[in-house]
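Here are the chains, one letter per residue:
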Amino acid sequence: MWKLKVAEGHGPYLFSTNKYIGRQIWEFEPNAGSPEERAAVEEAREEYKKKSKQDRARALPCSDLLMRMQLKKENNNIDLSIPPVRVGEKEEVTYEAATIALRKAIRLNRAIQARDGHWPAENAGPMFFTPPLIIILYISGEINTILTWEHKKELVRYLYLHQNDDGGWGFYIEGHSTMIGSALSYVALRLLGEGPDGGQDGAMTKAQKWILDNGGATGIPSWGKTYLSVLGVYEWAGCNPLPPEFWLFPSFLPYHPAKMWCYCRTTYMPMSYLYGRKYHGPITDLVKSLRLELHPKPYEEINWNKARHDCCKEDLYYHHPFIQDLIWDGLHYLSEPIMNCWPFNKIRERAIRKTVKYMRYGAESTRYITIGCVEKSLQMMCWWAENPDGDEFKHHLARIPDYLWLAEDGMKMQSFGSQLWDTTFATQAIIASNMADEYGDSLKKAHVYIKESQIQKNPPGDFKSMYRCFTKGAWTFSDQDHGWGVSDCTAESLKVILLYVTTI
């Protein structure tokens with residue numbers, strides 16, 4: 001039975017700034033749970049599966065029932081037996097009825113609070129989060145080390161449950177099928193051990209048909225082209241340039257990458273490393289098979305130059321303007337041939353070294369959590385390409401459980417936890433109820449979590465030269481180890497601290 005572990009961490013490649021407060025990971029314990037508890041878990045899964053099949057036209061997010069079951073048991077001192085309040089359509093809502101309903105809601109809120117004071121919850125939905133992690137674990141040979149049979153079973157469950165009736169997968173769990181959702185999900189299932197004709201009712205066959213009927217994987221958007229190139233089922237010649245040389249430009253220039261939004265910068269930095277190296281993993285028999293399964297024509301006959309601008313119509317939100325394609329073509333036809341020849345290839349190597357420097361700083365200053373799941377998988381690809389035996393990759397492997405979330409619809413890679421964000425609003429709701437005296441124990445735990453999650457130091461060294469801002473005194477979206485201060489999270493946390501002082 002799966003168990004949510006909170007504020008735990010051990011091993012030579014893990015380290016924390018606050019004893020892992022806020023860390024939430026799922027572990028499988030074969031002997032855990034009574035027969036009744038196991039039956040309740042299976043019932044929740046079957047109910048989700050039934051509802052998702054009944055209404056494929058809308059998204060069906062999980063309700064975190066497995067987490068709720070566990071925490072209610074751990075917090076069994078909280079009386080949840082208050083009967084529900086039912087008010088008729090024309091019946092007046094009385095003060096007494098509203099108070100009972102509010103008390104019931106807050107008791108339920110207390111019952112799903114973790115022991116370290118935060119409220120655990122899933123923060124996922126996009127279908128392109130999980131496959132890149134599966135790709136790098138396959139390339140590195142760690143897929144059977146990091147992922148147990150139980151992990152794989154839950155990951156496969158999640159992918160199949162969110163497959164659309166037409167055989168494809170959406171960009172998110174809701175919406176129409178897209179190439180980025182479909183091709184990456186199909187690849188992830190194959191790497192997890194599913195055959196090309198696997199799944200119920202020929203799910204994999206239907207998926208492959210959707211991919212081929214919509215032009216094949218050459219129509220996957222740019223991020224997907226990068227992921228598939230790293231795996232070896234797409235060619236770097238089919239990717240528009242992401243030259244790492246931009247990192248050598250003076251930072252005062254208006255188009256320097258340091259001016260990018262942090263998530264954009266930390267995504268394209270490792271992508272530029274991979275593009276500069278033209279790195280791909282070993283071409284195994286499975287990779288060769290995927291080359292046949294994902295493309296409607298033989299792999300050797302694909303026009304990769306044409307594929308650079310190919311985008312499936314189901315993924316296309318806005319056509320590239322002419323000037324953008326002109327820039328891509330200029331870099332592809334003029335810049336790239338030059339940068340790959342001596343002596344200019346020395347400039348490329350210098351640029352790659354600089355991206356390595358920035359990535360190392362970003363990884364170390366976040367305890368190898370990184371800013372989010374997209375950068376996490378990309379950095380792992382880079383560090384494996386850079387030095388498979390290096391400590392950086394091992395540190396990254398140790399933090400993978402931080403991103404894997406389990407619910408009744410299976411296991412997925414989440415963006416990252418929202419522990420601090422959720423805790424501030426849950427706390428404000430309890431305080432606003434005017435029932436603070438009755439639920440003081442919950443507020444005390446939440447206060448400890450918020451206090452222990454505040455960032456105590458700025459990023460190490462000359463953080464400005466690493467394109468980071470000061471963070472001392474701020475709060476993150478998740479926990480202290482994450483290290484990225486966020487303005488609204490800081491504002492809401494400060495608000496809660498002030499509320500404690502003024503109202504409790």
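Everything discussed here concerns the structure shown above.
Because the structure is a prediction, the values reported are computed rather than measured. (Residues numbered from 1 in each chain as written. Predicted model: local features only at pLDDT ≥ 70, side-chain atom pairs only at ≥ 80, totals over all residues. Heavy atoms only, no water.)

Undergrad: Outline the overall build of the protein chain, listing residues and values.
TA: Each helix and strand in the protein chain was counted, giving 19 helices and six strands. Based on the C-alpha atoms only, the size of the protein chain along its principal axes is roughly 75 × 55 × 50 Å. Burial analysis of the protein chain (504 residues in total) assigns 53% to the buried set. Taking the contacts inside the protein chain whose residues are at least 6 apart along the sequence as the reference set, 74% of them involve residues at least 24 apart. Per element, the accessible surface of the protein chain, about 23400 Å² overall, is 57% carbon and sulfur. (Helix = DSSP H or I, 4+ residues; strand = E, 2+ residues; numbered from the N terminus. Buried < 20%, exposed > 50% of the residue type's maximum accessible area, 1.4 Å probe, protein only. Contact = heavy atoms within 4.5 Å. Areas by Shrake-Rupley, 256 points an atom, 1.4 Å probe, with all protein chains shown as cover.)

Undergrad: Please give an account of empty space enclosed by the protein that cites residues and values.
TA: Taken as a whole and judged by the stated rule, the model has one cavity of 30 Å³ or more. Taken as a whole, the largest cavity spans an internal volume of roughly 130 Å³. T266, M269, Y358, G362 and W484 are, among the 15 residues lining the largest cavity, the residues nearest its centre. Top contributing element to the lining of the largest cavity by residue count: helix α14 (residues 345-364), with four residues. A breakdown of the residues in the lining of the largest cavity according to their chemical character gives seven nonpolar, five polar and three charged. (1 Å grid on protein atoms, 1.4 Å probe; cavity = no way out; pocket = protein on both sides within 12 Å on 5 of 7 lines; lining within 4 Å. Points joined across faces, edges and corners; volume = space filled by probe spheres on them. Nonpolar A, V, L, I, M, F, W, Y, C, P; charged D, E, K, R; others polar.)

Undergrad: Would you mind going over the packing of aromatic side chains in detail, with residue names and values included?
TA: The relative placement of two aromatic rings is captured by the distance of their centres and the angle of their planes. Scanning the model with the defined rule gives 21 aromatic pairs in all. Geometrically, the ring pair formed by W26 and W405 is edge-to-face, given 5.5 Å between the ring centres and 85 degrees between the ring planes. With W26 in strand β2 (residues 24-28) and W405 in strand β5 (residues 404-407), this pair connects stretches of sequence that are 379 residues apart. In terms of burial, W26 and W405 fall into one category: buried. Pairing W421 with F425 gives two aromatic rings, centres 4.7 Å apart and planes at 85 degrees, and the pair type is edge-to-face. Here the residue W421 and the residue F425 both occupy positions in helix α17 (residues 419-432), the gap between them amounting to four residues, near one helical turn. For R468, the ring lying beneath its charged end belongs to W484, and the centroid distance is 3.9 Å. (Phe/Tyr/Trp six-rings, centres within 6.5 Å; stacked < 30°, edge-to-face > 60°. Lys NZ or Arg CZ within 6 Å of the ring centre and 35° of its normal.)

Undergrad: Break down the pattern of salt bridges for me, with residues and values.
TA: According to the stated counting rule, one finds 26 salt bridges in the structure shown. With its nearest N and O atoms 3.9 Å apart, the salt bridge here joins R45 to E42. Placement of the pair is R45 and E42 together in helix α1 (residues 35-54), with a separation of three residues, close to one helical turn. By relative accessible area, R45 is classed as buried at 4%. As a salt-bridge pair, E122 and K412 come within 2.8 Å of each other at their nearest N and O atoms. Taken together, the residues span a long stretch of sequence, with E122 in the loop between α3 (95-111) and α4 (130-140) and K412 in strand β6 (residues 410-413) at a distance of 290 residues. What makes E122 partly exposed here is its relative accessible area of 22%. Among the charged side chains, a salt-bridge network with shared partners connects R23, R399, D402 and D481. (Salt bridge = Lys/Arg side-chain N within 4 Å of Asp/Glu carboxyl O.)

Undergrad: Just give me the short version of the packing of α17 against helix α19 (residues 487-503), but keep the residues and values in it.
TA: The relative placement of two packed helices is expressed as an angle between their axes plus a distance between the axes. At their nearest, the axes of α17 and α19 sit 9 Å apart, and the two run at 30 degrees to each other. Viewed along their axes, α17 and α19 adopt a mutual orientation that is roughly parallel. Crossing of α17 over α19 shows left-handed handedness. Judged by residue contacts, L420, W421, T424, F425, T427, Q428 and I431 of α17 engage D488, C489, E492, S493, K495, V496, L499, Y500 and T503 from α19. The class makeup of the residues in the contact of α17 with α19 is eight nonpolar, five polar and three charged. (Axes fitted to C-alpha atoms, helices over the stretch in contact; angles between N-to-C directions. Parallel < 35°, antiparallel > 145°, perpendicular 65-115°, else oblique. Left-handed = near helix turned anticlockwise from the far one by under 90°.)

Undergrad: Quick one: what's the story with unusual backbone geometry, residue by residue and with numbers?
TA: Residue P343 is bonded to the preceding W342 through a cis peptide linkage, with omega at 5 degrees. Looking at where P343 falls in the secondary structure, it is placed in the loop between α13 (322-339) and α14. Not every positive phi belongs to a glycine, and A7 is a case in point at roughly 60 degrees. Tracing the chain through its elements places A7 in the loop between β1 (2-6) and β2.

Honestly, that's just the spatial picture; any functional story needs more than this.
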